[in-house]
Amino acid sequence: MELMSIAVELIVGYFALLILTKILGKTQITQISAFDFISALILGELVGNSLYDKELSVWPILAAIFIWGSLIFTTEFFTQKNRRFRHILEGTPAIVINKGKIDFKQLKKNHLDLNQLQHLLRAKDIFSVRECEYALLESNGTLSVLKKPMYANVQRADLNLGSKLASLPLSLILDGEVIYDNLSLVQLQEDWLLREINNHGFQSAKEVLYAEWKEGESLLVQGY
């Protein structure tokens, strides 16, 4: 009975957290802040601690998740509506390199040392501070940089080259399975795809590990 109770609580907690993360949106993962991190930990603790508490049933777990989720949802609502409240809760980017010079006060204020700053710069392909004109420490801990003009990447406009429409590559076969949604998105038929992979020496999609389509280029096909 104890194992059955744990299984029921796990299943209920799983679906409750799944629904809650869908409601709260993708910012819980892609733009996680300190507040989001803490809220995610607490949500996990609410379910985890209740598993081995024999006095707790499923309903208190659901109630706790609902209340905490409501608080997070309300907070997110106000941060979207009120810029001042958003500034207090989520913070604002800090300029840690200004006009090529490191701002030590901002480093100290954001508890960032020079070694950490160098690590973040290297992640942006900047191995010397002299290459960086501006660096902003975002509220989620990432670094956004603007290189000095002499170290910046050359753009097509700099060379007076004609513009070219961007094309999004799409996977048409993954692990031997045809991705029909992508196939219909590019307005192609399965017969065309089979002919293409036959031209690469494959008899069926099951023999193909990966096939990628890009407008204006031939189909990229790779087997196992």
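Located above this text is the structure these notes cover.
In short, a report on the structure. If you're wondering where the values come from, they're calculated on a predicted model, not measured in any experiment.

1. Re the overall build of the protein
Here is step 1: Of the regular secondary structure elements, the protein holds nine helices and eight strands.
Here is step 2: Out of the 224 residues in the protein, the part that is buried amounts to 25%.
Here is step 3: The contacts of the protein with a sequence gap of at least 6 include a subset with a gap of at least 24, amounting to 46%.
Here is step 4: Accessible surface for the protein amounts to roughly 16,500 Å². Of this, 58% is attributable to carbon and sulfur atoms.

2. A short note on a nonpolar patch on the surface
Here is step 1: Side chains of Phe66, Ile67 and Leu71 sit close together on the surface and give an oily, nonpolar patch of about 350 Å² of accessible area.
Here is step 2: The residue Phe66 is located in helix 4 (residues 58-81) in this model.
Here is step 3: Relative accessible area serves as the criterion here: at 62%, Phe66 is assigned to the exposed category.

3. Side note on the sheet that holds strand 1 (residues 94-98)
Here is step 1: If you trace the four strands from one edge of the open sheet to the other, you get 2-1-3-4, paired in antiparallel fashion. On the outer flanks of this sheet lie strand 2 (101-102) and strand 4 (143-147), each paired with one strand and no other.
Here is step 2: Here strand 3 (residues 132-137) pairs with strand 4 via five bridges, running antiparallel. Considered in strand 4, the bridge of Tyr134 is made with Leu146.

4. Some points on helix 7 (residues 114-123)
Here is step 1: Those residues of helix 7 not exposed but buried are Leu117, Leu120 and Leu121. In a view along the axis of helix 7, the buried residues occupy a sector of 100 degrees, so they form one face of it. Of the exposed residues in helix 7, those oriented more than 90 degrees away from the buried face are Asn115 and Ala123.
Here is step 2: The inward-facing, buried residues of helix 7 contact strand 1, strand 2, helix 6 (104-109), strand 3 and strand 4.
Here is step 3: Between the side-chain oxygen of the N-cap and the backbone nitrogen of Asn115 there are 3.1 Å, and the N-cap of helix 7 in question is Asp113.
Here is step 4: Taken from the residues just after helix 7, Asp125 is the one with a positive phi, measuring 65 degrees.

5. Re the nonpolar core
Side chains of a nonpolar character, in soluble globular proteins, are inclined to be buried together.
Here is step 1: If you look at the biggest cluster of nonpolar residues, it comprises 15 residues, and the most contacted ones within it are Ile173, Leu193, Ile197, Val208, Leu219 and Val221.
Here is step 2: Among the secondary structure elements, those contributing two or more residues to this core are strand 5 (170-174), helix 9 (190-199) and strand 7 (208-213).
Here is step 3: If you look at the next biggest cluster of nonpolar residues, it comprises 12 residues, including Val96, Leu117, Ile126 and Leu143.

6. Here we look at the sheet that holds strand 7
Here is step 1: The sheet built from four strands is open, its strands ordered 6-5-7-8 with antiparallel pairing. The open sheet has two edge strands, strand 6 (177-178) and strand 8 (220-223), and neither has a second partner.
Here is step 2: In this structure, strand 5 lies alongside strand 6, joined through two bridges in antiparallel fashion. In the strand pairing of strand 6, Ile173 is matched with Val178.

Cut-offs and rules
- Residues numbered from 1 in each chain as written.
- Predicted model: local features only at pLDDT ≥ 70, side-chain atom pairs only at ≥ 80, totals over all residues.
- Heavy atoms only, no water.
- Helix = DSSP H or I, 4+ residues; strand = E, 2+ residues; numbered from the N terminus.
- Buried < 20%, exposed > 50% of the residue type's maximum accessible area, 1.4 Å probe, protein only.
- Contact = heavy atoms within 4.5 Å.
- Areas by Shrake-Rupley, 256 points an atom, 1.4 Å probe, with all protein chains shown as cover.
- Patch = residues over 30% accessible without salt bridge, like charges linked within 9 Å, V, L, I, M, F, W, Y side chains within 5 Å.
- Salt bridge = Lys/Arg side-chain N within 4 Å of Asp/Glu carboxyl O.
- Pairing = 2+ DSSP bridges.
- Arc of directions from axis to C-beta.
- Polar contact = N/O pair within 3.5 Å; in protein donor to acceptor, adjacent residues only side chain to side chain.
- Core = buried A, V, L, I, M, F, W, Y, C linked by side-chain atoms within 4.5 Å.

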